[in-house]
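Report on the structure
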Amino acid sequence: MEGRLAFGIPSFMPIREDVQHMVDTGLEAYRFSISWSRLIPDGRGRVNPKGLEYYNNLINELLMHGIQPHVTLFHFDTPQVLEDEYGGWLSRKIVNDFTAYADVCFKEFGDRVLYWTTINEGNVFAMGGYDNGIAPPGRCSFPFGLNCSKGNSITEPYIAGHNMLLAHSSAVKLYYKKHKVVTHGIEDVTTAYFIVVLPFLTVSDVFKSFFIGIDQWFWCGQNIDHFECSEKETNTFLPTNEIPSIKPLKLDNIGCQIFQDVEPLYQATQHGFVGLNIYAPWFSPYSNATEDKIATQRAIDFYIGWFLHPMVFGDYPHIIKKNAGTKIPALTPRESRLLKGSFDFIGLNHYLTLYVKDSPSSLNVNIRDIVADMGLSTLVEPEDAPENQNDDTSSSLSGILEYLRNVYANPPTYIHENGKRTERNGTLNDTSRVKYMYSYIRTLLDAIKNGSNTKGYFLWSLLDGFEPIGGYTTSFGLYYVDLDDKQLKRYPKLSAHWYSNFLKGRTIKPDEINEVVNEIFVSSTSKASDQ
């Protein structure tokens, strides 16, 4: 189950109440996002003790009731200080800051959290935040977005997406790293040397050494995994007369960190898993025209392949590189190696099918955003849609899962979000949501029987919340939240009762819902009306 807790209320009591709702429903797992700014207000450095306490309380309360926490590290909320300092995800500087943030989370919570998702809906965040500007940080340029004070819709979505992939792979590398850092720096270097130290020269020998002469030396022995360089880290240096083998390496005004393979860090001791999440509608041709079928594959490549291809094959899909050209940064060989295989699972946020219609004219325009680069348009219904087309759309889920199975070697997959949007009108009788849940869960179970490597399913969402599209006017929750009540009191909807019955082994078909659940439902509405 996915959800937000307590709508920002800092006290511990709403956590206990909401976790009790999870227990009453019968949940085995709960997915939530950590707010980077809440934990590290300045984006780097100092950890907020109150934020640390909040997430520790939540994780501990979940585990106390046998509910497995699934944690997302980033959900559209870049620390403002990093946005102001260097443009957030438009700068590669964020890779280091995100990795340092992940390091804090792995260190503080990893002894209890086994499932980590680095980034939520990176594809949608890149397009919504940097193309049309409807999501944070609200960047766009005319004519592709409206009401944006700054941005470049032509290039920025590709840059942001690229840096998200690099940050993801860096965090995964950190989690699986098996060494601690020993720093040996070089300051104001004009010429330095890379030294191959023979086996008999120990690390202790090196640190007991001292620098003499004009040249400064960088050392590396057979027990050293690799080195990385940054600006101005100072320490002692190895004298030239103790170096058995020297290879010159030009380094200007930098310092270096040496990584010694001496002890395991996170995964080897915590035994957790790290993945990445994408927004994953399924795509079908608008008509039987060959052009629409070809355009459908382009849509899949741009939405799904944009992030999954580099993580499975080490590069972007050919059609993206062809249509985007130099707008999309190229992956270096090292970046490709780090990305390829950099996941334990894939998270999918899936709600519907989009129907694809070929639109080649958009590719003839010189100034194009990522949507124009696709050369297509999407609709919610096909050309020959019957009147009841949208009554059951669950086949879309089997479509995306089958595609992952055939193209991406059937990776371990979690449905991180799946749910039904309704208007927020105060009713607890959300029969349409129950029908949606029943249909999609049935389709998921069939897909698993047919070989899909799906490991878990999360509904969006436990509680009614503030939605990115629609705000408080739309509803996805199993529990209604009374916004007029100072304590934001929760009431279970019909869907909460149905889902609880399902999880406890009592499956109720949609046409039986009113008859079987109505007695419980009346009780719930009575309680609500009596308050």
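Residues numbered from 1 in each chain as written. Predicted model: local features only at pLDDT ≥ 70, side-chain atom pairs only at ≥ 80, totals over all residues. Heavy atoms only, no water.

The protein carries the name Beta-glucosidase 11-like isoform X2 in an unreviewed UniProt entry, which gives Coffea arabica as its organism. Turning to the protein, the UniProt record has this under Sequence similarities (unreviewed entry): "Belongs to the glycosyl hydrolase 1 family." (UniProt positions renumbered as here; feature names shortened; annotations may be inferred.)

**Observations regarding the overall build of the protein**
Counting its regular elements, the protein contains 17 helices and 20 strands. Counting across all 531 residues of the protein, residues that qualify as buried make up 53%. Counting only contacts in the protein whose residues sit at least 6 apart along the sequence, the fraction spanning at least 24 positions is 76%. A total of about 24000 Å² of accessible surface is found on the protein, and carbon and sulfur atoms cover 51% of it. (Helix = DSSP H or I, 4+ residues; strand = E, 2+ residues; numbered from the N terminus. Buried < 20%, exposed > 50% of the residue type's maximum accessible area, 1.4 Å probe, protein only. Contact = heavy atoms within 4.5 Å. Areas by Shrake-Rupley, 256 points an atom, 1.4 Å probe, with all protein chains shown as cover.)

**Quick notes on the nonpolar core**
The biggest cluster of nonpolar side chains holds 115 residues, and the ones touching the most others in it are Leu39, Trp89, Phe98, Phe109 and Trp116. No other element matches the eleven residues that helix α10 (residues 290-313) contributes to this core. Among the nonpolar cores identified, the runner-up in size contains five residues, and Tyr115, Phe345, Tyr414 and Phe458 belong to it. (Core = buried A, V, L, I, M, F, W, Y, C linked by side-chain atoms within 4.5 Å.)

**Overview of the pairing of strand β1 (residues 29-33)**
Of all five residues making up β1, four are buried, and the element is well covered by its neighbours. Bridge count between β1 and strand β2 (residues 68-74): five bridges; the pairing is parallel. Residue pairing for β2: Arg31 is matched across the bridge by His70. (Pairing = 2+ DSSP bridges.)

**Examining the sheet that holds strand β10 (residues 273-279)**
Strand order across the open sheet formed by seven strands is β1-β2-β3-β10-β12-β15-β17, with parallel pairing between neighbours. Each edge of the open sheet carries a strand with a single partner, namely β1 and β17 (454-457). Each adjacent strand pair in this sheet contributes to an overall mean axis angle of 25°, direction not counted. Where helix α6 (residues 122-130) meets the sheet, it contacts β2, β3 (115-119) and β10, and its direction lies at approximately 45° from that of β10. Here helix α14 (residues 395-407) sits on the sheet and contacts β12 (345-349), β15 (413-417) and β17; the angle it forms with β15, its principal contact strand, is near 145°. (Axes fitted to C-alpha atoms, helices over the stretch in contact; angles between N-to-C directions.)

**Remarks on the state of the cysteines**
Counted according to the given criterion, the structure contains one disulfide. Covalently, Cys140 is tied to Cys148 through a disulfide, its sulfur atoms 1.9 Å apart. Across the disulfide from Cys140 to Cys148, rotation about the S-S bond amounts to roughly 110°, and the bridge is consequently right-handed. The exposure class of Cys140 is buried, given its relative accessible area of 3%. (Disulfide = S-S within 2.5 Å.)

**Structural notes on the environment of Ser495**
Tracing the chain through its elements places Ser495 in helix α16 (residues 494-503). If we skip the residues at most four places from it in the chain, Ser495 touches Asp430, Arg433, Val434, Met437, Gly477 and Leu478. A distance of 2.5 Å separates polar atoms of two side chains, one belonging to Ser495 and the other to Asp430. (Polar contact = N/O pair within 3.5 Å; in protein donor to acceptor, adjacent residues only side chain to side chain.)

**Focus: unusual backbone geometry**
For the peptide bond that leads from Phe142 to Pro143, omega is 5°, which places it in the cis range. Among the structural elements, Pro143 can be located in the loop between α6 and α7 (156-176). Put simply, Trp460 and Ser461 share a cis peptide bond, and its omega is 5°. As for its position among the elements, Ser461 is in the loop between β17 and β18 (474-475). One non-glycine residue, Leu488, lies in the positive phi region at around 50°. Among the secondary structure elements, Leu488 is positioned in the loop between β19 (479-481) and β20 (490-492).

**A word on the sheet that holds strand β14 (residues 376-379)**
Strand order across the open sheet formed by three strands is β11-β13-β14, with mixed pairing between neighbours. Two strands in the sheet have a free side with no partner beyond their single neighbour: β11 (282-285) and β14. Each strand axis lies, on average, 40° off the axis of its neighbour in the sheet, ignoring direction. Here four bridges tie β11 to strand β13 (residues 353-358), and the two strands are oriented parallel to one another. Bridging from a neighbouring strand, Pro285 pairs with Val356 of β13.

**A look at α7**
The periodicity of an α-helix, 3.6 residues per turn, causes residues three or four places apart in sequence to face the same way. Spanning 21 residues, α7 covers 30 Å between terminal C-alpha atoms, matching the ideal 30 Å at 1.5 Å per step. The buried count for α7 comes to 18 of 21 residues, which makes it a mostly enclosed element. (Expected span 1.5 Å × (residues − 1).)

**Side note on the pattern of salt bridges**
Per the counting criterion, the structure on display carries 16 salt bridges. A salt bridge links Glu85 to Arg44, with the shortest nitrogen-to-oxygen separation between them at 3.1 Å. With a gap of 41 residues between them, Glu85 in helix α4 (residues 80-86) and Arg44 in the loop between α2 (36-39) and α3 (49-64) connect regions that are remote in the sequence. Residues Glu402 and Arg405 are paired through a salt bridge, measuring 3.8 Å at the closest nitrogen-oxygen approach. Of this pair, Glu402 and Arg405 are both found in helix α14, three residues apart, which corresponds to roughly one turn of the helix. Each of Arg44, Glu85 and Asp97 takes part in one network of salt bridges that share partners. (Salt bridge = Lys/Arg side-chain N within 4 Å of Asp/Glu carboxyl O.)

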